[in-house]
Amino acid sequence: MDDLLIRGGHVVDGSGAGGRDADVAIGNGRILAIEPRSTRPARRVIDARGQVVAPGFIDIHTHSDFTLPLNQRAESKIRQGVTLEVVGNCGFSVVAVLLKKKKMMRE
């Protein structure tokens, strides 16, 4: 039995191919199958009809190193599908300052 079945969503897989309506079966943190109409049993089923199902997005230019210390859950990014962020790409980052400050506070 799979852990999760995302049923009926429009799957855009990031390969550059056009999207297609399909079911996505997930188990042990991995995609097990992408099928037009899956009959696989699952512990949890999500009805994704009318929704897009896609892998996480990488935000390659972000300044979240300024906001993550204040909002560590980053809900706004997660709601947009961002699962990885690149920070400090403008030649500066507040993270180093915050880490140094934390270290000084422990001493």
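S.K.: Would you take a moment to explain the environment of Arg37 for this structure?
M.R.: Tracing the sequence through the fold places Arg37 in the loop between strand E3 (30–35) and strand E4 (42–47). Separated by 15 residues in sequence, Arg37 and Ala22 place their C-alpha atoms 6.4 Å apart.

S.K.: How should I be thinking about the side chain of Asp2 in this particular structure?
M.R.: In this fold, Asp2 is placed in strand E1 (residues 2–11). Only 2.6 Å separates the side chain of Asp2 from the side chain of Arg40, close enough to count as a polar contact. Setting aside its immediate chain neighbours within four residues, Asp2 contacts Ala25, Ile26, Leu32, Arg40, Pro41, Ala42 and Arg43.

Conventions used here
Residues numbered from 1 in each chain as written. Predicted model: local features only at pLDDT ≥ 70, side-chain atom pairs only at ≥ 80, totals over all residues. Heavy atoms only, no water. Helix = DSSP H or I, 4+ residues; strand = E, 2+ residues; numbered from the N terminus. Polar contact = N/O pair within 3.5 Å; in protein donor to acceptor, adjacent residues only side chain to side chain. Contact = heavy atoms within 4.5 Å.

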